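# Structural features, examined
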Amino acid sequence: MANCATYTHHHVAVFLLTFLSYAFFHATRKTFSNVKSTISDEWSPSFHNDTVNYTKPDHIWNSRHLFNSRKDAEPYLGVLDAVFMISYAVGLYISGMIGDRLNMRLVLSFGMCSSAVMVFVFGVVFEWAHFYNKYVYVIIWILNGLLQSTGWPTVVAIMGNWFGRHSRGLVLGIWSACASVGNIIGAFLVSGVLDYGYDYAFLLTSSVLFAGGVINFFGLVSTPKEIGLSLPDEDSTVHPKEYSVVVNEGESNGNLSDDGDDPSRLINNRGVVDNEDAPLLNPVVTRSDSVLSDDRPAAIGFCSALCLPGVALYALAYACLKLVNYSFFFWLPYYLHNKYGWKETVADDISIWYDVGGIIGGTIFGFVSDRFQHRSVIVIPMLLLGIPALFIYNSDLSSTLTMNGLLMAVVGFFIGGVANLVSAAISADLGKQGPVQGNSEALATVTGIVDGTGSVGAAIGQILVPLIQDGLGWKSVFYLFMLMTLLTALCILPLFIREVRDLCRQKRVRFSWYKGVSSVPTHRARDPGVQDSDQYFD
């Protein structure tokens, strides 16, 4: 099992670079959300009345006025959100496969720099050049969605290459806070320069994103093998049927090692010593010429990745869950402003508590799932607890600022925390499991499938939420959220049942009065000397 002693400065650098990379991606997305009011004012006249509805010369005063009123501009801003999410979802499927076939460092750097250019053109160049065209804006934003999709599959794949399954839940639980941190960074950057014009907000965030791409190009290491280290899962996963007897260098192939069956002298068919306590070995050869092959493994196809155990179920589950999670991302400040009449600045400040709850939830769920070495047994209970949390949040109990922030953090804890766990740790697990274990060329494809399907659900949500809200009110919107949360749990239910049976069959669950319920190694047998309070559950 991986521990802190096995981590190097390379692990720290990879953690920080990938964390900040996706945080910068989200900061640029948050920029557009935070400047919508300013853009609406800029794109529509604010000084006209029923008597005087035009000014001269027209090409100076009205060239930027794409709409007759701010109300007319709002649907167009919604269209930009929708086309971004759709292109982002499509791009995730493609970017995952590209990341597995090319160097992920180059793919990520290209995506960050090119996306920064699109944001710069959209918000800065067009404004400074006084060029305003609704159709060109849509095209630029579609391209931005496609390029932004290179981020998540590659950063999750890189993290999965560096951190093994036994510590992945906690590490990626903490790391998955990058999106929430990016939202906060984007809000601070925009608020600092928005008084000078929305173009300066786009200029600042796009510059930060471009600089991050340049740093990744020169400093990011996408896999430990690039610097001569082995993959973490290869260090800690034992496959008894794959072992070969090692022959010491200099000995003839007909003579076996004197170490006999010493596990420190066994090597698996991926050419990596499985006993992490074993001393470093001199160069060795085995009876199989392919054991120590340095050839890059073949990338997995889209259909093959989709057919991996659990991928389709978690993809469908994440489509339901991301609809809820991203609806909070896009609509929470609007909901607070319209339902309670709070100022937009106050609504923006309170909405941060959803991200705070998600950060705490993702970290705790990741740590607990590492103890059990199973994810679904943690995800299902948290989703079921999220349903009453949504119901209570939509009640009159959340009418005050303090209670609203507290209940919002609870909702973020269950909904946002599970979303962070599914999109990061679980996606990495799915891309490193049995059939593709040891193949680093499958993780980005699997992550793209899960997050791409989730983004399809999020795009549908951006259409359903305003329609339901206009026709039935906000209570019906929250009923939709509860239904989608329940559907998320139902999608994962078969995996939950299988994991519970696995825990019971392997006697990997025990209870201790001072440790509570925890998992135990599968090779540990029932100890007759252990007291009753420490016996394993059957």
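Let me sum up the structure you'll find in this document. A quick note: this is a predicted structure, and the numbers were derived from the prediction, not measured.

## What about the nonpolar core?
Counting 59 residues, the largest nonpolar core has F328, L336, Y393 and F481 as the members making the most contacts within it. Elements with a minimum of two residues in this core: α13 (311-340), α14 (344-372), α15 (376-393), α16 (401-430), α17 (443-472) and α18 (474-505). Top element by residues in this core is α13. It accounts for 14 residues. In this structure F328 touches P333, Y354, L390, Y393, V411, F478 and F481, once residues within four positions along its chain are discounted. Formed by 35 residues, the second largest nonpolar core is a distinct cluster that contains V35, M118, Y137 and A458.

## A short note on empty space enclosed by the protein
Scanning the entire structure with this criterion turns up three cavities of 30 Å³ or more. Considering only enclosed or pocket space, the largest cavity measures out at about 100 Å³ in volume. Lining the largest cavity, in full, are T28, R29, F32, S33, D81, F84, W141, N144, Y326, F329 and F330. The set of elements that each furnish at least two residues to the lining of the largest cavity consists of α1 (9-34), α4 (70-101), α6 (134-148) and α13. Looking at the lining of the largest cavity element by element, the count peaks at four residues for α1. When grouped by side-chain class, the residues that make up the lining of the largest cavity number six nonpolar, three polar and two charged. Counted as a void, the second largest cavity has a volume near 60 Å³. Contributing to the lining of the second largest cavity are S327, F328, W331, L332, Y335, W474, F478 and F481. The set of elements that each furnish at least two residues to the lining of the second largest cavity consists of α13 and α18. Ranked by the residues each element gives to the lining of the second largest cavity, the list is headed by α13, at five residues.

## Examining the environment of I184
Here I184 is to be found in helix α9 (residues 178-193). Sequence spacing of I184 and D355 is 171 residues, and the spatial spacing of their C-alpha atoms is 8.8 Å.

## Focus on the packing of aromatic side chains
Tallying each qualifying case throughout the model produces 28 aromatic pairs. Ring geometry for F84 against Y88: centres 5.9 Å apart, planes inclined by 10°, an arrangement best described as stacked. Taken together, the residues F84 and Y88, both in helix α4 and four residues apart, mark about one turn of the helix. Taken as a pair, F84 and Y88 share a single burial class, namely buried. An aromatic cluster is present here, built from F32, F84, Y88, F122, F126, F131, Y137, W141, Y198 and F202 joined pairwise through their rings. Over the aromatic face of Y326 sits the side chain of K322, whose NZ or CZ is 4.8 Å from the ring centroid.

## A few points about helix α7 (residues 151-162)
Helix length check: α7 (twelve residues) gives 17 Å between terminal C-alpha atoms against 16 Å at 1.5 Å per residue, within 8%. A large share of α7 lies buried, amounting to twelve of its twelve residues. Those residues of α7 that fall on the buried side of the exposure criterion are G151, W152, P153, T154, V155, V156, A157, I158, M159, G160, N161 and W162.

## A look at the packing of helix α5 (residues 104-128) against α7
Viewed as axis vectors pointing N to C, α5 and α7 meet at an angle of 145°, and their least axial separation amounts to 9 Å. The handedness of the crossing between α5 and α7 comes out as left-handed. Taken together, the residues of α7 that come into contact with α5 (itself represented by M104, V107 and L108) are G151, T154, V155, A157, I158 and N161. Class assignment for the residues of the contact of α5 with α7 results in six nonpolar, three polar and no charged.

Criteria and thresholds
- Residues numbered from 1 in each chain as written.
- Predicted model: local features only at pLDDT ≥ 70, side-chain atom pairs only at ≥ 80, totals over all residues.
- Heavy atoms only, no water.
- Core = buried A, V, L, I, M, F, W, Y, C linked by side-chain atoms within 4.5 Å.
- Buried < 20%, exposed > 50% of the residue type's maximum accessible area, 1.4 Å probe, protein only.
- Helix = DSSP H or I, 4+ residues; strand = E, 2+ residues; numbered from the N terminus.
- Contact = heavy atoms within 4.5 Å.
- 1 Å grid on protein atoms, 1.4 Å probe; cavity = no way out; pocket = protein on both sides within 12 Å on 5 of 7 lines; lining within 4 Å.
- Points joined across faces, edges and corners; volume = space filled by probe spheres on them.
- Nonpolar A, V, L, I, M, F, W, Y, C, P; charged D, E, K, R; others polar.
- Phe/Tyr/Trp six-rings, centres within 6.5 Å; stacked < 30°, edge-to-face > 60°.
- Lys NZ or Arg CZ within 6 Å of the ring centre and 35° of its normal.
- Expected span 1.5 Å × (residues − 1).
- Axes fitted to C-alpha atoms, helices over the stretch in contact; angles between N-to-C directions.
- Left-handed = near helix turned anticlockwise from the far one by under 90°.

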